[in-house]
Structures are given as C-alpha cells and as structure tokens.
Amino acid sequence: MIRFIFPGNGNKISLTISFLLFFIQASLAQPRTEYLLEKGWKFNRGEHTEAQSPDFNDTQWERVRIPHDWAISGPFNGQNDQQEVQIVQNGEKEASVKTGRTGGLPFVGIGWYRNVFTASAFKKGKKAILVIDGAMSNPKVFLNGKAAGHWAYGYNSFYLDITPFMQEGQNTLAIRLENKPESSRWYPGAGLYRNIHVLITEDFNIPVWGTYITTPDVNNDFAKVKIRTKLEIPIGNAEILKLETQIKNTSGEIVASAVNEFNATDGLEIEQELLVKKPALWSPEAPNLYHAVSRLYAGKILKDEYDTRFGIRTIKYESEKGFSLNGKYRKFKGVCNHHDLGPLGAAINVAALKRQLTLLKDMGCDAIRTSHNMPAPELVQLCDEMGFMMMVESFDEWKAPKVRNGYSHLFDAWAEKDIVNMIHANRNSPCVVMWSIGNEVPDQSTKNGNKIAKFLQDICHREDPTRPVTVGMDRIKDALDNNFAAILDVPGFNYKPAWYERANERLPQGFILGTETASTVSSRGVYKFPAEPYKMKMYPDLQSSSYDLEYCNWSQIPDDEFVKQDDLPYVIGEFVWTGFDYLGEPTPYDEKWPSHSSYFGIVDLAGIPKDRYYLYRSKWNTEKPTLHIVPHWSFPGREGQVTPVFCYTSYPSAELFVNGKSQGVQRKDNSSNTSRYRLMWTEVKYVPGTIKIVAYDANGKVAAEETVETAGKPHHLKLETDRSVLEANGKDLAYIVVSVVDAKGNLCPDSDLELSFEVSGSGMYKAVANGDPTSLESFQKTHMKAFKGKLVVTVQSAERAGPIVLKVKGKGLKSGDVQLGCKS
C-alpha cells in the first residue's frame with residue numbers, strides 16, 4: 001500500500017491511495033446518466049393487478065422490445081372498435097356504422113408491461129426521473145410495487161420523480177395501460193409505443209425540459225440568445241453556485257459563453273444573454289443547429305451538465321404580407337400526418353420516420369402538421385435536422401365530444417397540463433413555428449367555444465410568447481359568427497378555399513392558413529373510367545381512381561387549393577391531408593369492410609408514392625424538374641376506348657406520342673383549375689404499345705422525356721432498397737420495394753401474385769405492406785400478395801456486423817435478392 005504522510009497539529013495524517021482514488025473517481029464521474037429502457041420487457045394482455053409486485057411471476061409473458069405496439073400484429077376484424085355515429089343526410093339524422101374507422105385492429109383493452117432494470121449510477125442522495133415519451137393510453141406506473149404516478153393522454157410526453165421508490169441495484173417497473181372503445185377516429189396504436197428513459201442526476205440539477213432558449217434579436221452580424229435555466233437546489237444549501245453556459249456550433253466550436261454566480265434558492269431560475277456573431281440561421285434549406293451546454297457547479301464541484309439543441313431564426317406573421325422566415329416571405333408547403341408508421345403500427349422508429357421525411361423532402365414539402373396530437377420527440381429532432389417547419393398540434397376534442405370516450409372526458413382536468421408539457425418539450429426546437437390547440441372541435445359552434453380557445457391560447461402565450469397559435473377550423477360560418485376565428489393568432493381553415501376571400505374581409509389578422517386541405521382520395525395504380533371529377537365516388541372493388549379527380553363531401557382536388565394559394569397573397573400556405581396513408585378512416589368506404597386504411601395519402605401505406613405525389617412535386621420542388629405520366633399503359637380489353645393521359649410536370653408544355661404518333665402539344669393555361677397545373681390529353685384511345693411524353697421548357701426547347709410501355713407477362717422480380725448499409729443496433733431499417741416486372745423490366749401493373757420473403761445474415765425480417773386499403777393480410781407474416789405489381793419489405797438490422805441478404809420468391813417468377821451491409 002502506498003501511504004502519504006502529512007504533518008498537522010503534531011499528528012501524522014495518513015491518506016491511503018484508495019481515498020485518493022475516491023476523489024479521482026468523483027471528479028471523473030458523470031453528473032447525469034440516462035438509461036434507455038428498450039430491452040428486457042415482458043408484456044401481457046388483460047388485467048393483472050398483481051403484476052405491480054416485484055415478486056409477480058411473468059415467465060409466461062411475451063418478451064418484447066420497446067417501442068412496442070401490441071395491436072399491429074392483428075388480426076384485422078371489422079368488429080374491432082366498430083363505431084356507430086350520427087350523420088346528417090338531406091337534413092335528417094341517420095345512423096352510420098363505421099367498420100374500419102380505427103383500422104380494424106385489436107387495440108381496445110388492458111395491457112401490462114414489466115421490466116427489471118439496474119441503474120448503476122443511482123446511489124443514496126441521487127435523484128431519479130422516469131421520462132415516458134408516450135404510452136397508449138392512460139398509463140399507471142408502479143416501481144418496486146409502489147404507485148409512482150400516472151398520466152391520461154396517450155400522445156403526450158411526461159415525467160415522474162421516482163426517487164422515493166428507487167433502490168440501489170435491481171428495480172421492477174410495471175406499467176398498466178388501458179384503451180377504451182370509441183376513443184379515437186383513427187388507429188391510435190396500443191402499448192409502450194414510444195421510448196422510456198431513466199435519468200439519474202445529483203440533487204443539484206437542471207430538471208427535465210429545464211431550459212428555454214429564445215433569439216429575440218437576429219441579424220447577419222449577430223444574434224442575441226436568451227437562455228432561461230431552471231434549477232433544482234436542495235433546501236438549506238449555503239454554497240455559492242455557478243451556472244456556466246457555452247454555445248457550440250455544429251463543428252463543436254465554442255461561439256459564445258456566460259457565467260453566473262449566485263446564492264442557492266429553491267426553485268431558482270437563471271437568465272443569461274449571450275451573443276453569437278455571424279450566426280448560421282436555421283431554415284428548411286439550411287437547417288443549421290447549435291448546442292447550449294449548461295454546467296451547474298456547487299463550489300468547485302460539477303453537479304449537472306445539460307445539453308440543449310436549438311436553432312437561430314426569426315419568424316413573423318404579418319397582416320396582408322403573410323409569413324416570413326429569416327426575413328423572407330414564403331408559403332407553407334406542408335402535409336398533415338397521423339402518427340402510425342404503416343406496417344410498423346404506432347411503434348416509433350427513427351429509420352421509418354427518416355424514410356417518410358426523405359420522400360416528403362424530395363416532393364418539395366417543407367412543413368409537417370402533427371395531426372392531431374403531440375409528436376414523438378424523434379420526429380421533432382428529425383425535422384430540426386432535415387429542415388421541416390412544424391405545426392405541433394394537441395387535441396382533436398375539447399369539451400364537446402366527437403367519439404364516446406374521447407378527450408372531452410379529460411379536458412377539464414388535463415388540458416392545461418397537456419398543453420404545458422407539449423410546449424416545454426418542444427419549444428427549443430427551431431422547426432416548431434406554431435402551436436395548434438385543436439382540430440375541427442365542435443366547440444366552434446358553441447356559445448363558450450371562443451372562451452375555451454382563448455383559455456388554451458393564453459396558456460401557449462404564457463409558456464412560449466414567441467410562437468403563434470392556431471386551430472384547424474371546419475365550421476367556418478360558426479367560427480366567424482361566434483368570434484372564434486377572430487381571437488386566434490393564426491386563423492386555420494380546413495377545406496374552405498371558397499371562403500378565403502369572404503373570411504379575410506371579416507377577420508382582423510389579415511392572413512389565413514390552410515391548416516388542412518384537399519383530402520383527395522386515390523389508390524395507387526388504380527384507374528377508373530371515365531376520368532372525371534367525382535364526390536364520394538364508390539366502386540365495387542372498394543378502390544379510388546389515381547386520376548386524382550375524386551374527393552369527399554367536404555373536400556377538393558389539389559388544383560382547387562393551388563389556385564387560392566397562388567392568387568391570394570394573404571393565404572400563407574397549406575397542409576395537405578395527408579402526406580401518407582394511415583391506418584383507419586377509410587373514407588369513402590368507412591362503412592365498407594374490409595376497407596380499413598385511408599385513401600387520402602400522397603404516399604400509400606407501404607411508402608410508395610402515388611401519382612398525386614408528382615403533381616405536388618411539380619409545383620413544390622423548385623430545385624428538381626418533374627415529369628410523370630398518368631396512367632400506366634397496360635389495359636387489356638380497353639382497346640379502342642378513351643383512356644386519358646395526364647402529365648404532372650414542372651415544365652410549361654409537353655407533347656404526347658402514342659406508338660410514335662403525336663397527340664398534340666398541351667400547355668398549362670388558366671382556362672380551368674386543372675389546366676393550370678396538369679397537362680391533359682382527354683380523348684386518347686387505348687392502343688397497346690408505347691406512350692411517350694416530350695416536355696418543353698419556356699423557350700420551346702426539348703427539356704425531358706418519359707416513356708411508358710405496355711407490360712408483357714410477369715417474368716421476374718425487381719428489388720430496390722432505400723439504404724445499402726444499416727447500423728448494427730437491432731432497430732435500424734431498410735425498405736425494399738419489390739416490383740413484378742416483365743422480361744424487359746416493365747412493371748406489371750395488375751399483378752397480384754403472392755410473394756414470399758427470407759432474410760439471412762446480420763438482419764431479420766420485420767414487416768411487409770402492399771398499400772392496398774382492403775388487404776387483410778398480416779404485416780408480420782413472410783408472404784403477401786403484390787398490389788398493382790408492388791409491395792415493400794422492411795428488413796431490420798441485428799446487433800452484429802455482417803452482410804444481410806433478402807430473397808424474394810413468387811410462383812412462376814425468377815426470384816430476386818438484394819444484399820445490404822450491417823456495420824457497428
């Protein structure tokens with residue numbers, strides 16, 4: 001043993017090396033440790049009140065990994081959450097039985113989750129916080145047999161102080177969830193579908209969501225960054241405290257810093273103002289981000305370190321001028337999205353979200369509305385990183401109900417708490433440019449509806465005065481007459497382009513936002529004749545036409561909204577319903593089982609773009625040219641019949657050739673809404689062979705060509721992956737589009753052959769989807785029929801490096817395979 005001898009008061013003080021090591025370890029210890037509780041979970045459906053006990057025997061329960069959606073594996077059944085609603089037809093109320101309204105999946109009921117974990121950083125005197133990003137729904141939390149807390153709303157993030165219940169060593173966490181019938185208008189998912197974290201800190205700490213960063217002054221030379229930091233300090237502490245904050249750019253360089261010393265006060269909040277020179281501003285085109293690293297010291301001991309990511313940017317909403325970002329006026333090119341991820345259900349996955357956003361980015365989309373609930377933190381983080389502005393939304397109901405067991409039952413007790421959590425969790429993200437406090441709430445038509453709107457809006461202003469507040473309104477006349485629309489910061493209109501001019505004359509804001517637009521319906525690869533506009537059109541096969549001319553009682557085709565967006569400067573943009581098809585709400589077939597997923601999406605449930613994707617791309621993506629032909633050209637039995645050809649293109653004119661014969665040049669003009677945005681040859685007669693479109697630029701010169709051929713017999717399978725290398729973390733994903741093609745590689749657009757899948761190597765089969773809203777085939781089984789010649793297989797990485805091989809087979813077809821990499 002090494003011994004150090006120090007003289008003192010005539011006595012020799014010995015200090016062993018072990019004592020020195022204690023100080024060294026203390027100085028190197030992390031003041032904050034986070035544990036992500038993904039693995040080791042057990043799950044079981046049904047009531048198990050005894051499951052809260054650490055001694056409960058769960059050996060027969062299912063082993064699952066969080067995030068987890070207990071209902072997505074099905075099976076589909078039209079009796080699952082069948083809902084009867086009252087609708088008005090010709091002035092009379094009638095009962096409507098909606099079979100697929102919530103997706104036909106078994107999400108209703110009770111489920112229990114259990115996890116035994118060890119948080120080695122937890123010791124006596126430390127603090128433990130449980131953060132739940134979302135749990136569907138009504139989570140009741142038990143730790144080591146004790147009730148630790150609960151939340152009601154399944155979409156919100158919340159946290160619990162579990163310090164009194166924590167033990168050094170093993171801890172048993174149990175969570176009870178319950179989903180009631182008729183509690184949603186779409187598929188909500190079920191279970192611990194978002195991430196769960198355990199945070200261990202010192203008793204001196206910065207709490208969850210404890211910083212609030214604003215940028216009150218921004219110009220090309222500098223930006224003032226104001227940081228408010230909440231501190232939790234033990235009562236009676238007499239030490240001098242210090243808060244040191246550094247702002248770092250994306251390269252990790254320190255660009256600003258501040259230090260404050262102060263005396264401890266319980267519940268203290270410190271405000272610091274820092275100056276960043278030559279700031280790199282955040283925008284969809286250049287999503288620059290910074291980090292504020294806050295360090296809390298008691299004396300010279302580091303007690304906590306807290307990292308806040310933020311961006312520097314300015315937003316303004318001005319009468320008659322509209323919306324500006326960083327001083328530049330622009331209109332929102334946005335989409336609404338529900339939270340499910342198609343065949344993955346509601347279980348959050350970063351790779352799946354990133355794939356959705358990548359497709360939307362290529363379409364030219366620059367904004368997301370989180371319909372109609374708080375988003376997963378991962379979605380907000382990706383929007384920060386990839387450059388999407390966000391309307392973060394809270395509720396689909398206030399006090400007046402839409403469904404029997406909806407949020408109206410929770411509103412009085414929970415609305416303020418839910419709004420506060422939503423704002424605190426997301427207000428440092430530069431992508432968030434407005435809050436939405438409701439969607440199509442029936443309270444628009446009630447006497448006190450405007451008071452409720454003001455109550456919620458005031459909470460938003462109190463917690464974040466830097467962003468405006470909106471509501472997606474559908475009862476426009478009532479909202480105008482009841483002074484509901486007038487009190488909102490941003491009047492949001494759902495499906496009311498015909499009202500924009502009249503409403504703007506009556507409203508004080510001087511601008512209008514299309515919070516929900518279009519709701520055009522279509523099925524990928526399906527074409528119906530004649531190709532004409534139809535409202536609520538239904539067909540025996542329960543599909544809708546991809547000529548993009550069919551819509552709902554309340555809605556429009558894209559072109560009708562485009563016209564208002566282009567012609568009215570005070571209309572500040574739109575959020576299209578929807579970016580992606582989602583589970584549930586299969587209008588116009590919501591009474592026609594087996595339809596159980598939506599037709600509204602620009603992209604189908606499997607993640608394959610529909611034709612409509614290219615119509616929006618031709619208008620929104622100003623960086624890349626678009627040229628897309630509608631429809632395919634394989635219609636056996638239609639020989640000699642009129643089969644219109646549409647072209648969605650960013651070019652002003654184009655010429656169509658059928659088997660080399662010109663069908664004439666079409667130019668965009670203002671003769672109709674559709675002719676402004678589409679090129680249409682409406683009298684073309686179908687002849688097998690080849691159709692070709694030659695696009696011309698503004699000078700009349702050939703700019704691009706696109707060709708579609710009549711398909712031969714199915715011959716082989718074509719596989720295309722969105723990613724070639726995955727991370728070996730057990731949760732990364734690749735999406736492989738599988739197409740049935742003829743010998744020349746042309747898509748066979750009517751093929752519905754059953755395909756089977758096998759994954760080997762450092763990966764596993766995850767799910768499959770084909771985009772058919774009527775398909776009752778399981779997403780989890782290793783076989784599925786193609787829909788209109790295509791489907792998408794999802795492959796998941798393992799936790800080991802190595803190659804991954806997906807093989808796909810089909811009867812009578814040459815099989816296909818694709819190899820991916822998996823790296824640590």
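This is a predicted model, so every value here is computed, not measured.

**Q** Please set out the packing of helix α8 (residues 558-567) against helix α9 (residues 611-620) residue by residue, giving values where relevant.
**A** When two helices pack together, you describe them by how their axes are tilted relative to each other and by the distance separating the axes. Two elements in contact, α8 and α9, have axes whose closest approach is 12 Å; the angle formed by their N-to-C orientations is 15 degrees. Classified by the angle their axes make, α8 and α9 are roughly parallel. You can see that α8 and α9 cross each other, and the crossing is right-handed. Between α8 and α9, the contacting residues are P558, D559, F562 and D566 on the first element and R612, L615, Y616, K619 and W620 on the second. Residues that form the contact of α8 with α9 fall into these classes: five nonpolar, no polar and four charged.

**Q** How would you summarise the sheet that holds strand β14 (residues 196-201) if you had to cite specific residues and measurements?
**A** With respect to topology, four strands assemble into an open sheet ordered β3-β14-β9-β12, the strand pairing being antiparallel. Because the sheet does not close on itself, it has two edges, and the strands there are β3 (32-36) and β12 (158-161). In this sheet, adjacent strand axes meet at a mean angle of 20 degrees when their direction is disregarded. Here strand β9 (residues 127-132) pairs with β12 via four bridges, running antiparallel. Paired with V131 across the bridge in β12 is Y159.

**Q** Account for the environment of P530, naming residues and giving values.
**A** Relative to the helices and strands, P530 resides in the loop between β31 (512-518) and β32 (534-535). For the pair P530 and N426, spaced 104 residues apart in the sequence, the C-alpha separation amounts to 48 Å.

**Q** Tell me what's going on with the pairing of β9, and back it up with residues and numbers.
**A** Across the six residues that make up β9, a large majority, six, are buried. Taking every second residue as pointing to the same face, both faces of β9 are buried, with K127, I129 and V131 on one and A128, L130 and I132 on the other. Strand direction decides the pairing type here: β9 and β14, joined by six bridges, are antiparallel. The residue bridging A128 from the neighbouring strand is I200, located in β14.

**Q** Tell me what's going on with helix α2 (residues 350-363), and back it up with residues and numbers.
**A** Across its 14 residues, α2 extends 20 Å between first and last C-alpha, which sits within 8% of the 20 Å expected from 1.5 Å per residue. Inspection of α2 places A351, A352, L353, R355, Q356, L357, L359, L360 and M363 among the buried residues, and these make up the whole buried set. Backbone geometry just downstream of α2 places G364 in the positive-phi region, at approximately 100 degrees.

**Q** Describe the side chain of R617, naming the residues involved and giving the relevant values.
**A** Examined against the element boundaries, R617 turns out to sit in helix α9. Engagement of the side chain of R617 in a polar contact is seen with the backbone oxygen of P625, the distance being 3.0 Å. Among all residues touching R617, those that are not within four sequence positions of it are D362, M363, K624, P625 and T626.

**Q** Now, about the packing of aromatic side chains: what can you tell me, with residues and values included?
**A** Across all of its chains, the model carries 39 aromatic pairs by this definition. Ring geometry for F43 and W70: centres 5.6 Å apart, planes at 20 degrees, overall stacked. Taken as a pair, F43 in strand β4 (residues 41-45) and W70 in the loop between β5 (62-64) and β6 (83-89) lie far apart in primary sequence, 27 residues in all. An identical accessibility class is assigned to F43 and W70; each is buried. Relative to Y614, the ring of Y613 has its centre 5.1 Å away and its plane inclined at 75 degrees; by these criteria the two rings are edge-to-face. Overall, Y613 belongs to the buried group, its relative accessible area being 2%. Of the aromatic side chains, those joined through ring pairs into one cluster are Y527, F529, Y547, W633, F635, F646 and Y686. Residue placement shows R502 over the ring face of W499; its charged tip is 4.1 Å from the ring centre.

Reading guide: rules and limits
Residues numbered from 1 in each chain as written. Predicted model: local features only at pLDDT ≥ 70, side-chain atom pairs only at ≥ 80, totals over all residues. Heavy atoms only, no water. Axes fitted to C-alpha atoms, helices over the stretch in contact; angles between N-to-C directions. Helix = DSSP H or I, 4+ residues; strand = E, 2+ residues; numbered from the N terminus. Parallel < 35°, antiparallel > 145°, perpendicular 65-115°, else oblique. Left-handed = near helix turned anticlockwise from the far one by under 90°. Contact = heavy atoms within 4.5 Å. Nonpolar A, V, L, I, M, F, W, Y, C, P; charged D, E, K, R; others polar. Pairing = 2+ DSSP bridges. Buried < 20%, exposed > 50% of the residue type's maximum accessible area, 1.4 Å probe, protein only. Expected span 1.5 Å × (residues − 1). Polar contact = N/O pair within 3.5 Å; in protein donor to acceptor, adjacent residues only side chain to side chain. Phe/Tyr/Trp six-rings, centres within 6.5 Å; stacked < 30°, edge-to-face > 60°. Lys NZ or Arg CZ within 6 Å of the ring centre and 35° of its normal.

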